[in-house]
Amino acid sequence: MDLEREYLLQNYARYPLVLTHGKGTYVYDIEGRRYLDFITGIGVNALGHAHPRILKVLRKQAGLLIHASNLYYHQYQGPLAKRLAAMSGLARVFFSNTGTESVEGALKMARSHGRAIHADKCEIISLENSFHGRTLGALSVTGQPKYRADFEPLVPGVRFVPANDIAALEAAFSSQTAGIIVELIQGEGGINPLTHEYAAKARGLADRYNALLIADETQCGVGRPGTYFAYQRAAPVILPDVVVAAKPLACGLPLGFILANEKAAAAIKPGMHGTTFGGGPLTCRVSLEFLDILDELLPAIRRVGGYFKDSLEALARKHSFVKEVRGCGLMLGVELAIPGKQFVLDAMAEGMLINCTHDTVLRFLPPYIVTEKEVDRAVRILRKLFRKVK
Ligand SMILES: Cc1ncc(COP(=O)(O)O)c(C=O)c1O
C-alpha cells in the first residue's frame, strides 16, 4: 500500500484490502480472511476463482504459446469466432482486450459506415447515464458528465438522449446518424434496464436511417443476464448490428470482442483497424473452455439469479430506505434512498465483497457458479447491515 501511494498515479480510491488468492465464490486477503465475492472484479471472474477446468487449459496453453500477434494464425481465434457468431446471430468478430477498446472499434465502424454513405453522416446517439469506457472515443459517448468534464473537448457529433424516452429518441435520429450505442442494462449507471419497446424503437429507427445499432454488452452480456446476451432476453429478439463485450469472456484474462453483421463488418476494410494483443492463443483458448462451461451454467444463472432477486425484494419490503431492486440473472442492483458506500465497507467487515455505483445503488455481480446457499449467506449479511440503519 505504501509503495502504491508513492509510485502509482493516484486515480483509484482502493479499499484497504490486499487480495492474495481465491477458490470458487470466495477470495482471501493477505491476512487469511475469507470474503464471499459478489463483485468478481467488476463482473470479470465469471467462474469464480481457480476453476479447475480453466486452470487446466490455462496451464496447458501457457506452456505452448501465449501470444502470437495478428501477423499470424493460431488454432483458437477461428473456432472462438465461429462459436460467438453462433451464440449471437451475428456474422463476424474482431478480438480486442477490453471493453473500452471494443467500444472504440465499434464507433469507428459506425463512423466508417456513415461516411461511406455521406460525409455528414457521422453522428452517434448515446444515452444519458450510460458508461462506455475511459478512452477518448468511449468517453465521448459516455453520458455522465463526471467522467467527461476534465477531458473536454471530446469527439464531436454525439447526441445524448434520456433512456426509455421514445419521443426523444425519434427526435434525435436524422440522416446524419451513423449509429446508436446502448447498454441494454446500464451497469455503472445503476443497473437500469431499457424497455423492450425502447430497444425495438431503436432498432426500427436505426433501420429507417441506415444507422448501426450497437449494443454495449461489456457488463450485461456473455451469460450474466441468464442468456448469452442481454438482447436475447425478451422475444422477439431485437438483433443489434454490432455487439461489444469483454469482462467475463476469458475468466480474468483480458479479452474483448466486436461482433458485427455483414453490413457493419463491411465498414472495416484491410488496414483500418487492429491490435497487437487482442485475440491471442491463451485468451482465446481459455474463452472456448469458458463458453463450454457457460452452456452448462445458463439454467443455473437464471435460477439462482431469480432466487437472489426474490430474496433481495423480500428484504427490500422490510426497509423503507430501499427504493427498488433492479436487474436480471446475476446482474442485480438495490437502489437506496441513502448513500451506499458505508454498506460496502460494512459488508467487507462481515466477509462479503460488493460495490456501490451511482452513489446509492448496491451492485451485485456474483460469479456464474454461485449457489442458493451462498446467496442466502449474502442476504443474511445484508439483512444484518440493513437492520442497523435507524
Ligand atoms: C458497459 C461498459 N462498457 C465499457 C466498459 C469499459 O470496459 P473496460 O474497463 O474493460 O475498458 C465498461 C466497464 O465497466 C462497461 O460497464
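Our structure's up above, just so we're on the same page.
Described below are features of the structure shown in this document. (Residues numbered from 1 in each chain as written. Predicted model: local features only at pLDDT ≥ 70, side-chain atom pairs only at ≥ 80, totals over all residues. Heavy atoms only, no water.)

Considerations on the side chain of E335
So, step 1. Considering the arrangement of structural elements, one finds E335 in strand β14 (residues 331–336).
So, step 2. Given the relative accessible area of 18%, E335 is considered buried.
So, step 3. At a separation of 2.7 Å, a polar atom in the side chain of E335 contacts the side chain of R326. (Helix = DSSP H or I, 4+ residues; strand = E, 2+ residues; numbered from the N terminus. Buried < 20%, exposed > 50% of the residue type's maximum accessible area, 1.4 Å probe, protein only. Polar contact = N/O pair within 3.5 Å; in protein donor to acceptor, adjacent residues only side chain to side chain.)

Digging into the site of the ligand
So, step 1. Taken together, the neighbourhood of the ligand is formed by T98, G99, T100, F131, H132, G133, E183, E188, D216, T218, Q219 and K247.
So, step 2. In the model, an oxygen atom of the ligand is placed 2.8 Å from a nitrogen or oxygen of the T100 main chain.
So, step 3. Within the side chain of Q219, one N or O atom sits 2.8 Å away from an oxygen atom of the ligand.
So, step 4. If the ligand stood free it would expose 390 Å²; the protein chains cover 83% of that surface.
So, step 5. Each residue belonging to the shell around the ligand can be placed in one class, and the counts come to one nonpolar, seven polar and four charged. (Near = heavy atom within 4 Å. Areas by Shrake-Rupley, 256 points an atom, 1.4 Å probe, with all protein chains shown as cover. Nonpolar A, V, L, I, M, F, W, Y, C, P; charged D, E, K, R; others polar.)

Some thoughts on the pattern of salt bridges
So, step 1. Counted under the stated rule, the structure contains 20 salt bridges.
So, step 2. E335 is the salt-bridge partner of K323, the closest N and O atoms lying 3.8 Å from each other. Taken together, the residues K323 in strand β13 (residues 322–328) and E335 in strand β14 connect sequence positions 12 residues apart.
So, step 3. Among the charged side chains, a network of salt bridges with common partners joins K323, E324, R326 and E335. (Salt bridge = Lys/Arg side-chain N within 4 Å of Asp/Glu carboxyl O.)

Brief notes about a nonpolar patch on the surface
So, step 1. Residues M1, V18 and I30 make up a contiguous nonpolar surface patch of roughly 290 Å² in combined accessible area.
So, step 2. With respect to the helices and strands, I30 occurs in the loop between β2 (26–29) and β3 (34–37). (Patch = residues over 30% accessible without salt bridge, like charges linked within 9 Å, V, L, I, M, F, W, Y side chains within 5 Å.)

Examining the environment of Q176
So, step 1. With respect to the helices, strands and loops of the structure, Q176 is situated in the loop between α8 (166–172) and β7 (177–182).
So, step 2. The exposure class assigned to Q176 is partly exposed, which follows from its relative accessible area of 34%.
So, step 3. In the structure, Q176 is positioned 57 residues away from A119 in sequence and 8.9 Å away in space, judged by C-alpha atoms.
So, step 4. Excluding residues that lie within four positions of it along the chain, Q176 makes contacts with D120, K121, C122 and E123. (Contact = heavy atoms within 4.5 Å.)

Structural notes on unusual backbone geometry
So, step 1. Looking along the chain, the bond that leaves E152 and enters P153 is cis, with omega of 0 degrees.
So, step 2. Within the secondary structure layout, P153 lies in the loop between α7 (145–148) and β6 (158–161).
So, step 3. Following A235, the chain continues into P236 via a peptide bond in cis, with omega recorded as -10 degrees.
So, step 4. Residue placement: P236 occurs in the loop between β10 (212–216) and β11 (242–245).
So, step 5. For N129, which is not a glycine, the phi torsion comes out positive at approximately 75 degrees.
So, step 6. On the secondary structure map, N129 appears in the loop between β5 (123–127) and α6 (136–140).

Side note on the packing of aromatic side chains
So, step 1. Scanning all chains against the criterion turns up 10 aromatic pairs.
So, step 2. Relative to F364, the ring of F308 lies with its centre 5.4 Å away and its plane at 75 degrees, an arrangement referred to as edge-to-face. One end of the pair, F308, is in helix α11 (residues 281–317); the other, F364, is in strand β17 (residues 361–364), and 56 residues separate them in sequence.
So, step 3. Taking relative accessible area as the criterion, F364 reaches 0% and is therefore assigned buried.
So, step 4. With a centroid separation of 5.2 Å and an interplanar angle of 75 degrees, the aromatic rings of F321 and F386 are classed as edge-to-face. Note that F321 is positioned in the loop between α11 and β13 and F386 in helix α13 (residues 372–387), a separation of 65 residues in sequence.
So, step 5. Each member of the aromatic cluster is reached from another via a ring pair, and the members are F38, F308 and F364. (Phe/Tyr/Trp six-rings, centres within 6.5 Å; stacked < 30°, edge-to-face > 60°.)

Section: helix α12 (residues 341–349)
So, step 1. Of the positions making up α12, those classed as buried are F343, V344, A347 and M348. Down the axis, α12 shows its buried residues gathered within 140 degrees of arc, on one side only. For α12, the exposed residues set more than 90 degrees away from the buried face come down to K341 and A349.
So, step 2. For α12, the elements touching its buried residues are β3, β14, β15 (352–353), β16 (355–357), β17 and α13. (Arc of directions from axis to C-beta.)

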